[in-house]
Amino acid sequence: MTTHADPHQATTERLHALLEHAHRTDLTPEERRALLQHAHEQSVVTSDEARTADLERALADLCDPTTALSYARAAARRYETLGETWKEACALLRESELELDDLAALRQALAAGRLARNAGHPDLELRALHAAASAYATLGHPGEAAATLQLALTLDAAASEREQARLLLDLATALHEARDLAEARATYLTAAKRFPAVSGEHRRALTGLGEVLLEQGDAARAAAFLERAADVASHLRDDPSRQVAQTLAALAQVLASVEVDEARVRQAISLARSCPPALALRVILGLARHALTSGRADLATPLAAHLTELLHANVALLDRAEDVERLLADLAEDSGDLRAALDHQRLSAEHRLARRERELARERDLLAARYDVELQLAARRERASTRTRAPEASSTPLPGGARSREYGLEQLQRDYRRCLRAKTDLGVAVVGLDIESETSGADAARLHAAFTTFLVSTLRDTDTVADFDGRRLLVVLPETGPVGARQVMQRLLQRALERAWCPADLSPPFQVSVGLCNQGFVQGARLILESADEQYYRARREGGDRVCAAE
């Protein structure tokens with residue numbers, strides 16, 4: 001009698017062999033990545049969710065950024081399904097590191113921090129806070145960055161003294177950028193005392209302290225700290241940092257003099273010309289303002305002309321345009337040209353208004369990002385609630401022709417495995433009919449049944465329509481790519497809004513929202529479904545009657 005090997009057991013044994021081989025120390029990163037990718041494919045076939053998630057998290061550290069982001073995203077969703085909250089937070093944090101969009105990076109870092117706190121992992125929460133602070137600073141919110149770093153300091157009690165000092169230095173920088181000069185000065189001073197005298201961190205603290213003193217009007221003390229910072233940078237052979245410190249020290253020396261020293265002004269200008277544009281503008285603006293207030297308009301005028309050239313050549317300096325225009329207005333007034341002074345005052349006011357509008361736009365983006373995090377966590381809680389409901393095992397069609405939730409999930413798994421083997425596409429959609437709340441329960445049930453019948457009759461016989469959570473429907477579109485899936489759902493939405501399927505005696509106000517995801521955005525059948533679910537909530541959030549797809 002012939003016996004046949006169990007294909008599942010053979011796949012499992014092959015997976016174990018691949019993993020054992022991947023842990024060899026003599027492999028190149030490319031060889032290890034290839035082995036883990038092969039192991040990941042085998043793990044998906046065996047439906048080993050925990051191992052698949054771990055492999056995805058490992059691959060998120062080994063692949064190119066775009067592929068790594070897909071793996072990190074998949075790992076996070078899978079860990080969520082498994083209830084591994086701290087691992088989910090790790091994967092979200094990796095997503096944050098890989099995201100090219102700064103707002104998306106902030107959202108993932110904030111979500112990772114919340115989950116790490118819920119899971120009781122302070123070290124992971126600390127890492128998430130660091131990532132969030134960095135994103136806040138990049139997005140132009142130094143005050144938020146400072147508040148986040150202050151929270152991080154409360155969690156960093158177990159860290160080494162040097163790690164705490166680095167955190168203090170980051171906090172001082174954020175406070176400085178947020179214009180909290182008194183706190184920044186005290187924090188820079190505290191941080192400077194905790195580093196070796198010849199170190200990059202000590203040089204950075206001294207430079208920051210000198211800049212704060214310069215902005216507070218104490219130019220003489222600022223010069224002393226900046227000269228010391230330049231000396232430390234020289235010992236470290238850090239030429240760019242030495243250049244910055246020397247340039248600021250030269251500015252401080254000019255400002256500390258009662259009368260304008262032309263030789264020092266020329267030295268400061270020469271140094272500034274070799275600096276990054278933002279620093280060059282700060283220094284030359286300071287020199288020009290000092291020359292004008294000292295009665296040397298003849299020195300300030302050519303400096304103002306150079307500032308105008310800098311602004312025209314560097315769009316990134318636009319936030320300082322109002323200061324330059326104000327200087328030009330004061331120069332024109334000093335020369336008696338009141339018409340030119342008024343023109344420059346008007347331009348300064350316009351630049352100030354434009355800057356404020358940019359700040360408000362950044363504030364709106366930040367509020368939207370925080371709101372998205374709350375929605376993301378709320379949707380996560382709802383998905384957890386959905387997963388705890390008892391599944392329906394029957395494949396008997398429900399009212400309207402849809403299958404049960406359990407049948408739909410099983411069919412999704414079958415179609416997903418088939419698409420992996422055949423290397424074809426797979427689309428998954430979550431479709432919801434949101435009816436006006438005043439509609440009675442019986443009428444709403446009739447309308448839902450009619451909508452389901454319409455959906456089943458509109459789609460292909462090879463497509464699956466199943467209950468998702470009692471009020472929404474799961475649609476599985478085998479062998480359908482992203483473009484085709486979107487076209488199918490857009491046509492369905494358009495026909496649904498024409499209301500021809502509604503019972504003649506029943507047509508209350510309603511909205512149709514569709515969330516769509518295709519295989520490839522994330523790895524794994526359930527993860528594709530959960531991504532489609534997220535897009536459904538996005539469609540509702542954006543007003544309904546639309547299709548939103550994961551991209």
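Residues numbered from 1 in each chain as written. Predicted model: local features only at pLDDT ≥ 70, side-chain atom pairs only at ≥ 80, totals over all residues. Heavy atoms only, no water.

Asks: Go over the environment of Ser531 with me, naming the residues and quoting the values.
Replies: Looking at where Ser531 falls in the secondary structure, it is placed in helix H22 (residues 525-541). Between the alpha carbons of Ser531 and Ala549 there is a distance of 8.8 Å; along the sequence they are 18 residues apart. (Helix = DSSP H or I, 4+ residues; strand = E, 2+ residues; numbered from the N terminus.)

Asks: Run through the pairing of strand S3 (residues 472-478), naming residues and quoting values.
Replies: With seven of seven residues buried, S3 lies mostly within the body of the structure. Alternating residues of S3 divide into Arg472, Leu474, Val476 and Pro478 and Leu473, Val475 and Leu477, and every residue in both groups is buried. The sheet contact formed by strand S1 (residues 426-435) and S3 spans seven bridges and is antiparallel. Paired with Val431 across the bridge in S3 is Leu473. Bridge count between strand S2 (residues 464-467) and S3: four bridges; the pairing is antiparallel. Looking across to S3, one finds that Asp467 is bridged to Leu473. Between S2 and S3, which follow one another and run antiparallel, lie four residues, and Gly470 among them has a positive phi close to 95°. (Buried < 20%, exposed > 50% of the residue type's maximum accessible area, 1.4 Å probe, protein only. Pairing = 2+ DSSP bridges.)

Asks: Residues and numbers for the pattern of salt bridges, please.
Replies: Applying the stated rule across the entire model yields 45 salt bridges. A salt bridge links Glu350 to Arg346; the shortest N-O distance between them is 3.1 Å. A residue pair is termed a helical-turn pair when its members lie 3 or 4 positions apart in one helix, as Glu350 and Arg346 do in helix H18 (residues 338-388) at four residues. On the basis of relative accessible area, Glu350 is assigned to the partly exposed category, the value being 43%. (Salt bridge = Lys/Arg side-chain N within 4 Å of Asp/Glu carboxyl O.)

Asks: Break down helix H7 (residues 122-138) for me, with residues and values.
Replies: The terminal C-alpha atoms of H7 lie 24 Å apart, and with 17 residues this matches the ideal 24 Å at 1.5 Å per residue to within 8%. Taken together, the buried positions of H7 are Leu124, Glu125, Leu126, Ala128, Leu129, Ala132, Ala133, Ala135 and Tyr136. (Expected span 1.5 Å × (residues − 1).)

Asks: Residue-level account of the nonpolar core, with values.
Replies: In this structure, Leu287 and Leu327 are the most contacted members of the largest nonpolar core, which totals 75 residues. The leading source of residues in this core is helix H15 (residues 277-293), at ten residues. The residues contacting Leu287, other than those within four sequence positions of it, are Leu251, Val254, Val265, Ala268, Ile269 and Leu303. Grouped together as the second largest cluster of nonpolar side chains are 30 residues, Leu459, Leu477, Trp501 and Val514 included. (Core = buried A, V, L, I, M, F, W, Y, C linked by side-chain atoms within 4.5 Å. Contact = heavy atoms within 4.5 Å.)

Asks: Which residues make up unusual backbone geometry, and what are the values?
Replies: In the Ramachandran plot, Arg179 falls in the positive-phi region, its phi being about 70° despite a non-glycine side chain. For Arg179, the position within the fold is in the loop between helix H9 (161-177) and helix H10 (181-192). For Glu479, which is not glycine, the phi torsion reads 55° and is therefore positive.

Asks: Outline the layout of surface pockets, listing residues and values.
Replies: Estimated volume of the largest pocket: approximately 1700 Å³. As for the largest pocket, its lining consists of 45 residues, and the residues nearest its centre are Glu177, Arg179, Glu215, Arg282 and Arg320. Elements represented by at least two residues in the lining of the largest pocket include exactly H9, helix H11 (200-215), helix H13 (239-256), H15, helix H17 (321-334) and H18. Empty space within the second largest pocket amounts to approximately 810 Å³. Every residue lining the second largest pocket is counted, 25 residues in all, and those nearest its centre are Arg107, Glu534, Gln535, Arg538 and Arg541. For the lining of the second largest pocket, the secondary structure elements donating two or more residues are helix H4 (65-82), helix H6 (102-119), H18 and H22. Among the elements that take part in the lining of the second largest pocket, H18 stands out by supplying seven residues, more than any other. Looking at the lining of the second largest pocket, its residues break down into eight nonpolar, three polar and 14 charged. (1 Å grid on protein atoms, 1.4 Å probe; cavity = no way out; pocket = protein on both sides within 12 Å on 5 of 7 lines; lining within 4 Å. Points joined across faces, edges and corners; volume = space filled by probe spheres on them. Nonpolar A, V, L, I, M, F, W, Y, C, P; charged D, E, K, R; others polar.)

Asks: Tell me about the sheet that holds strand S5 (residues 546-549), and please be specific about residues and values.
Replies: One open sheet accounts for five strands, arranged S2-S3-S1-S4-S5; its pairing is mixed. Of all strands in the sheet, those bounded by a partner on one side alone are S2 and S5. Put simply, the sheet's adjacent strands are angled 20° from each other on average, direction ignored. Contacts from H22 reach S1, S3, strand S4 (510-518) and S5, with the element oriented near 145° to S4. (Axes fitted to C-alpha atoms, helices over the stretch in contact; angles between N-to-C directions.)

Asks: Could you give me a rundown of the packing of aromatic side chains, with the residues and numbers involved?
Replies: Two numbers describe a pair of aromatic rings. These are the distance of the centres and the angle of the planes. For the structure on display, the rule yields five aromatic pairs. With a centroid separation of 6.0 Å and an interplanar angle of 40°, the aromatic rings of Phe451 and Phe454 are classed as tilted. Of this pair, Phe451 and Phe454 both sit in helix H20 (residues 441-458), separated by three residues, roughly a single helical turn. A relative accessible area of 2% places Phe451 in the buried class. Connected via pairs of aromatic rings, a cluster forms that spans Phe451, Phe454, Trp501 and Phe510. Of note, Arg403 hangs over the ring of Tyr407, and the distance from its end group to the ring centre comes to 4.9 Å. Directly above the ring of Tyr407 sits Arg414, whose terminal nitrogen or CZ lies 6.0 Å from the centroid. (Phe/Tyr/Trp six-rings, centres within 6.5 Å; stacked < 30°, edge-to-face > 60°. Lys NZ or Arg CZ within 6 Å of the ring centre and 35° of its normal.)

Asks: Account for the packing of helix H2 (residues 29-45) against helix H3 (residues 49-59), naming residues and giving values.
Replies: Between H2 and H3, the shortest axis-to-axis distance is 9 Å and the interhelical angle comes to 155°. Relative to H3, the element H2 is oriented roughly antiparallel. As H2 runs across H3, the sense of the crossing is left-handed. Judged by residue contacts, Arg33, Leu36, Gln37, Ala39, His40, Ser43 and Val44 of H2 engage Arg51, Thr52, Leu55, Glu56, Ala58 and Leu59 from H3. Grouping the constituent residues of the contact of H2 with H3 by class yields six nonpolar, four polar and three charged. (Parallel < 35°, antiparallel > 145°, perpendicular 65-115°, else oblique. Left-handed = near helix turned anticlockwise from the far one by under 90°.)

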